[in-house]
Amino acid sequence: SSGIEVRTSTSLYDDEWDHFIEFEANGQYEQTSRWAQVKHDVGWRPIRVLALQNEKIIAGAQILLRGLPLFGKAGYLPKGPLILKEKSALLPLIINSIKETLKRHRIRFLVVQAPHDHYDVDRFLLKEGFIRDHLFKVISATTRIDLTQSFDTLLSKMTRNYRYNIRFAERNEVIVREGGREDIPLFFQMMLETCRRQGVRPNPSRESLIQKLWSLFYPKGNVRLFLAEYKGQIVSGLIGIPFGKTFYAWKMGWSGEYEKSRANHLLHWEAIRWAKNKGYRLYDFMAVSRRVAEAVVEGTHFYKVAKSADLFKLSFGGDVILLSET
């Protein structure tokens, strides 16, 4: 396109790109250079394909690169590419530039997940020769709460049990407060305990990665830690990433103590209240099973198909969202 310059960047730090992602392109935090810096500590390095007009970013994509045994050099492009709404005609240019970058850097394969609610990007990728991924199990469904509704409406959309549990926790003096960096070690141990009970691998697997996230995201107001206390003991915690118009409920940890206090229900409710009061428009639980989400979208009540963490999240009354597949 006339007047458009395409360039690549391997810089680990890029405040201009981060500003474009959050405030202009309505992107997700996984596309920021700050996220790339967190992932750098576990072996990933970024390369960005940027389209500029008059030296201003108008489109682009950040790819994370890593060498994998047997596969060679691999790329992961989460929640991209991103293009200003009025510049959507640049999509073919960006995809072709990504392909050229892959060849130039000898990247054997690329896993891509289009941004939330950008199904046009997903369809275009398929037209351009990309195929559905069945190897890497990237999250492709979530549940989100519309925070533009009143508090009464938000409560009314929850299950009756959850409304009761929130009131019960309040009556029994469960306290939810914001935590700080000094609380991360305890939170990480609660997260590990939660993963052990659920039989899943912890992600992130090291406390140092949460510390790195905090150091990079907190100064910009993009990370918050909420803690629930009962009888003077911290029993659960939630790390949220408020970014753009959305509060992402990123990671949760529960010690396993005082289940009947219903502290976990009040923990999320207070985070929801905080996000709404700060002007965020969505509260995103970030992950539910694709199988469960598809069943709910087709008309099955979630009580019939959801278990464990999925059941917990869906009971808060949010909308089930099918994200682009990889």
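Residues numbered from 1 in each chain as written. Predicted model: local features only at pLDDT ≥ 70, side-chain atom pairs only at ≥ 80, totals over all residues. Heavy atoms only, no water.

A.B. asks: Now, about helix H8 (residues 207–217): what can you tell me, with residues and values included?
C.D. replies: For H8, the full list of buried residues reads Leu209, Ile210, Gln211, Leu213, Trp214, Leu216 and Phe217. Those residues of H8 hidden inside the fold are in contact with helix H2 (33–40), helix H7 (184–198), strand E9 (224–230), strand E10 (233–243) and strand E11 (246–254). (Buried < 20%, exposed > 50% of the residue type's maximum accessible area, 1.4 Å probe, protein only. Helix = DSSP H or I, 4+ residues; strand = E, 2+ residues; numbered from the N terminus. Contact = heavy atoms within 4.5 Å.)

A.B. asks: Outline the sheet that holds E10, supporting the account with residue identities and numerical values.
C.D. replies: Hydrogen bonds between backbone atoms are what pair the strands of a sheet, whose relative direction is either parallel or antiparallel. Read across the sheet, 7 strands follow the order E8-E9-E10-E11-E12-E7-E13 without closing on themselves; strand pairing throughout is mixed. Each having just a single partner strand, strand E8 (175–178) and strand E13 (319–322) make up the two edges of the open sheet. Between one strand axis and the next, the sheet turns by 30° as a mean value, whatever way the strands run. Summarising the sheet, E10 and E11 pair through 8 bridges and their orientation is antiparallel. Across the sheet, isoleucine 241 pairs through a bridge with tyrosine 248, a residue of E11. (Pairing = 2+ DSSP bridges. Axes fitted to C-alpha atoms, helices over the stretch in contact; angles between N-to-C directions.)

A.B. asks: Tell me about helix H9 (residues 263–277), and please be specific about residues and values.
C.D. replies: Over its 15 residues, H9 extends 21 Å from the first C-alpha to the last, a length consistent with the 21 Å expected when each residue adds 1.5 Å. Summarising burial for H9: 12 of the 15 residues are buried, a large majority. Remark: glycine 279 follows H9 within two positions and exhibits a positive phi of approximately 95°. (Expected span 1.5 Å × (residues − 1).)

A.B. asks: Tell me about unusual backbone geometry, and name the residues and values.
C.D. replies: Cis rather than trans, the peptide bond between glycine 80 and proline 81 has omega equal to 0°. The step from asparagine 203 to proline 204 runs through a cis peptide bond, and the omega angle for that step is 10°. Tracing the backbone through its elements, the reader meets proline 204 in the loop between H7 and H8.

A.B. asks: Describe in detail the side chain of serine 261, supporting the description with residues and values.
C.D. replies: By the secondary structure assignment, serine 261 is in the loop between E11 and H9. Those residues in contact with serine 261 that sit more than four places away from it in its chain are Phe168, Ala169, Val174 and Tyr230.

A.B. asks: Provide a residue-level description of the packing of aromatic side chains, including the pertinent values.
C.D. replies: One pass over the structure, following the stated rule, counts 20 aromatic pairs. Directly above the ring of phenylalanine 151 sits arginine 273, whose terminal nitrogen or CZ lies 5.5 Å from the centroid. (Phe/Tyr/Trp six-rings, centres within 6.5 Å; stacked < 30°, edge-to-face > 60°. Lys NZ or Arg CZ within 6 Å of the ring centre and 35° of its normal.)

A.B. asks: Give a detailed account of a nonpolar patch on the surface, specifying residues and quantitative values.
C.D. replies: Together, Leu70, Phe71, Leu135 and Phe136 give the surface a local cluster of nonpolar side chains, amounting to about 450 Å² of exposed area. Examined against the element boundaries, phenylalanine 71 turns out to sit in the loop between strand E3 (56–68) and strand E4 (72–78). (Patch = residues over 30% accessible without salt bridge, like charges linked within 9 Å, V, L, I, M, F, W, Y side chains within 5 Å. Areas by Shrake-Rupley, 256 points an atom, 1.4 Å probe, with all protein chains shown as cover. Salt bridge = Lys/Arg side-chain N within 4 Å of Asp/Glu carboxyl O.)

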